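Spelled out, the chains give:
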Amino acid sequence: MSKQSVARIILKTFLKTIGIIVLFIGVGVLGYYLTMLYLKQTARVERSSQYTHVINVNTGNESSNLIYSFDEKTKKIEAMVLELFDETTKNLVYITIPANTQISISGETYTELIKVSQQLPQLAKMSEINNYFSGDVAYEYGIMILQEELKADIGYFTAMPSGQFNQYFEKKSKKNPAYQPSKTLLANAAKCKSKGDMNDLIESMWDKLICDITLSQKQNYSSALTQVKQEYIRAYEAYGKESGDVFLLSKRKNKKLINNIWESEAFTSPQPTKGGASGKSEAKGSSSGHTIQITNASNITGLAAAYKEKLQADNLNVIDVGNYFGGKLQKTKILTKKKSWGEDLLKYFKNATIEETSEKLTNGADIEIILGVQDNLS
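Just so it is clear, the model here is predicted, and its values are computed rather than measured.

Observations concerning the sheet that holds strand E6 (residues 156-161)
With mixed pairing, the 6 strands of this open sheet are ordered in space as E9-E6-E1-E2-E3-E10. If you trace the sheet from one side to the other, it starts and ends with strand E9 (210-211) and strand E10 (234-237), each paired once. Alignment of E6 against E9, held across 2 bridges, turns out to be antiparallel. Looking at the pairing, Thr 158 lines up with Cys 211 of E9. Contacting strand E1 (62-70), strand E2 (77-86), strand E3 (92-97) and E10, helix H10 (residues 251-263) runs over the sheet at an angle of about 35° to E2.

A closer look at helix H11 (residues 303-313)
Buried within H11 we find Leu 303, Ala 304, Tyr 307 and Leu 311. Across the axial projection of H11, the buried residues extend over an arc of 90°, all falling on one side. Contact partners of the buried residues in H11: strand E13 (291-296), strand E14 (317-323) and strand E17 (367-371). Immediately downstream of H11, the backbone of Asn 315 shows phi near 70°, a positive value.

Section: the side chain of Asn 260
Here Asn 260 shows up in helix H10. Asn 260 has contacts with Asn 315, Leu 316 and Asn 317, leaving out every residue within four places of it along the chain.

Description of the side chain of Arg 234
On the secondary structure map, Arg 234 appears in strand E10. Setting aside its immediate chain neighbours within four residues, Arg 234 contacts Leu 92, Val 93, Tyr 94, Phe 267, Ser 269, Pro 270, Gln 271, Pro 272, Ala 313 and Asn 315.

What counts as what
Residues numbered from 1 in each chain as written. Predicted model: local features only at pLDDT ≥ 70, side-chain atom pairs only at ≥ 80, totals over all residues. Heavy atoms only, no water. Pairing = 2+ DSSP bridges. Helix = DSSP H or I, 4+ residues; strand = E, 2+ residues; numbered from the N terminus. Contact = heavy atoms within 4.5 Å. Axes fitted to C-alpha atoms, helices over the stretch in contact; angles between N-to-C directions. Buried < 20%, exposed > 50% of the residue type's maximum accessible area, 1.4 Å probe, protein only. Arc of directions from axis to C-beta.

Written as structure tokens, this is what we have:
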């Protein structure tokens, strides 16, 4: 074989090798391009990453989520529900806050917010948040204003069109018109037997919602949510009063309500229909929203602690128990700052009496129950 023929064979072999290498590189580049194009098309773009947050978004063990319902055309807020979920106790509670709530913004906060929006009045209506501020961040400004009034931290928000809200929430009853999860939503949640199931349910709803946390952050609650006992979910209305066409929140009562929810042990019974904190304004004869001291004048060991557990199960705010040093009593006596405050407590005792007093009660309580021998639970 001539040298020229060998050279041609070597050249052909070299060119084939180069061609194969180029082909592999081309396939690799094309594969990478197609993969990146697929990921770009399918990757979820989180709305929460599209703007600068003005609150410290918090998704800790105690999830405090302000849910807004808005009109799609006007963007006016039509309903608000504060969702409180304790990942440890698995307690799930909803507090309805009227959309016409009006808040007097503190001078310090108003000075900061007026720099952002010249349309914001110091007497702000929560229903008009989207008129005061632009974009998704408006809901965070709403949190800033509302949590200052409630004296309670709110970790994040979820906003949705009213049509969607009405699919997910419904009024509890005529007597308790607070919003709670709808039967449809509860039925779908009941089908979730694992964290994966709940992840899928949350993801199926996610693109219809506006939220300042990510899907993965919300799914961190999935495992705990599967353990919620639906019959123990509770729904309340925020305390306050109507004044003309606006609603004014009661700072003290709502703070106590929220604190009491966070401090509660795991619920072991459904929401009580009486004696619990509910309703926009304090019902006549209601001890709800007031602090209660239980003092034992029966000489029966453990009686005060037993009544504390009984009243707390009905969501009443018992702050402490102790012994009475004024001698043994046969009948239970209820001391109150206002006589009407203790009327709903009478049902817990046999022949109790109510006495209105201006004197300071034990531990500064609003109501003091002094237990008598007749109310031995045994």
